[in-house]
Amino acid sequence: MTLRIGIIGAARVATYAMIAPARSRDDVVVAAVASRDAARAAAYAATHGIPRHFGDYAAMVADPHIDAIYVATPPAFHLDQARLAIRAGKPCLVEKPFTLNAAEAATLQAEAAAAGVLMVEAQHSRCHGFWAIVARHLPALGRLRHVEAWFNAPVKTDAAEFRWQAGLGGGALMDLGVYPLTWVRAVAGEPLAARDVVFRAQRAADGAFAATLDLPHGVTARVAADMAAPFGAQLRISGAAGVLTIGNPLAPQRGGHAIRLETAAGVVDIASPDTPGSYDAQLAAFVDFLTGKAAWPLPPDDPVQSMRAIDLVRAAA
């Protein structure tokens, strides 16, 4: 059986997060794309070899030849568009960040659960195989003390780029910061408080941010992101007995990925697993989840907790 996916939003992110991974599989096909602009949908479909296109989101979601939905629009629209999938009874992968805030996330998750619709957030980096290595070596660090996580990426400054528009869910915290927040939460739990928060206003959004988090068991973390800096990402986990550093935990397939363990016994460079790239792994996890082969790699309430962490940082500014 082939899973037929419909994309909401003729977006750039869909080209590498869904279209490319789907082409590498024989059990998934991007069957349609929808945009509010019918001409844009048609052009996007022609460019990417998508057989069908719609100028109406609801019409595509309701189409019986579509099995699952991928929401690739700006976060301001995720709630309403994911609700279309709920009404149609179709599973949905919602691009990160899940919604604009935790209240919206909780509402959407509750509605999906009540309707029996599978709905998850597209956290591709957390689907990569290197996380098994992190879990295996965390005990060697002893009691955790501090985590540092950051992700920088230059974002185009085109007038139409939503990432520079806070009202659409853009900004460094929402678009980039969601990742380091997720990595910290994965190893140290949900943040209890945020402090020392700094935002750099740029255009119509926050161009950069940094914050310190207080986490369970006395652990602290420093997270940061910058939309005007060269691409780079790192996760550094420090404990009483050692340090584990992961270079480029965002998308290991892009290069710069390295795992190093430092303890009293010495320094060890650990080979990363020879597994699919993060976007391929995400699609594989989505397919396995829908077919009942495996649980989703993240906890069921992770989209809500993810948005709560963002809200916490925003409120502490």
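Residues numbered from 1 in each chain as written. Predicted model: local features only at pLDDT ≥ 70, side-chain atom pairs only at ≥ 80, totals over all residues. Heavy atoms only, no water.

> Just to check I follow, could you spell out the side chain of Thr245 for this structure?
Its place among the elements puts Thr245 in strand β12 (residues 242-247). One polar contact links Thr245 to Arg236, side chain to side chain, over a distance of 3.0 Å. Once residues within four sequence positions are removed from consideration, Thr245 is found in contact with Gln234, Leu235, Arg236, Ala258, Ile259, Arg260 and Glu262. (Helix = DSSP H or I, 4+ residues; strand = E, 2+ residues; numbered from the N terminus. Polar contact = N/O pair within 3.5 Å; in protein donor to acceptor, adjacent residues only side chain to side chain. Contact = heavy atoms within 4.5 Å.)

> Explanation requested: helix α2 (residues 38-48) in the structure shown.
An α-helix turns once every 3.6 residues. As a result, residues three or four positions apart point the same way. Regarding α2, the residues found buried are Ala41, Tyr44, Ala45 and His48. What you see down the axis of α2 is that its buried residues fit within an arc of 100°, all on one side. Pointing more than 90 degrees away from the buried face of α2 are the exposed residues Ala39, Ala46 and Thr47. Structurally, α2 contributes buried residues whose contacts are with α1 (12-23), β2 (28-34) and β3 (52-54). If you check the start of α2, you find a side-chain oxygen 3.0 Å away from the backbone N of Ala39, and it comes from Asp37. Backbone geometry just downstream of α2 places Gly49 in the positive-phi region, at approximately 65°. (Buried < 20%, exposed > 50% of the residue type's maximum accessible area, 1.4 Å probe, protein only. Arc of directions from axis to C-beta.)

> Got a minute to help me understand the layout of surface pockets in this structure?
Any space left empty among the atoms is revealed by the rolling of a water-sized probe across them. One number sums up the size of the largest pocket: a volume of about 1,100 Å³. Around the largest pocket, the lining comprises 39 residues; the ones closest to its centre are Arg12, Val13, Glu161, Phe162 and Arg163. Elements that contribute at least two residues to the lining of the largest pocket include exactly α1 and α7 (172-188). Among the residues making up the lining of the largest pocket, the classes are represented as 22 nonpolar, 5 polar and 12 charged. Approximately 270 Å³ is the volume found for the second largest pocket. Lining the second largest pocket are 17 residues, with Gln109, Met119, Val120, Phe289 and Pro300 positioned closest to its centre. Secondary structure elements with two or more residues in the lining of the second largest pocket: α5 (102-115), β6 (119-122) and α9 (302-315). Looking at the lining of the second largest pocket residue by residue, the classes come out as 13 nonpolar, 2 polar and 2 charged. (1 Å grid on protein atoms, 1.4 Å probe; cavity = no way out; pocket = protein on both sides within 12 Å on 5 of 7 lines; lining within 4 Å. Points joined across faces, edges and corners; volume = space filled by probe spheres on them. Nonpolar A, V, L, I, M, F, W, Y, C, P; charged D, E, K, R; others polar.)

> What is the right way to read the pairing of strand β13 (residues 258-263) from this model?
Working note: regular strand, side chains alternate between the two faces of the sheet. Sheet analysis places β12 next to β13, joined by 6 bridges and oriented antiparallel. Residue pairing for β13: Ile246 is matched across the bridge by Ile259. One ladder, built from 5 bridges, connects β13 with strand β14 (residues 266-270); its direction is antiparallel. Note on β14: the bridge partner recorded for Ile259 is Ile270. Where β13 folds back onto β14 in an antiparallel hairpin, the turn is made up of 2 residues. (Pairing = 2+ DSSP bridges.)

Fair warning: the whole summary comes from geometry, so function is off the table for now.
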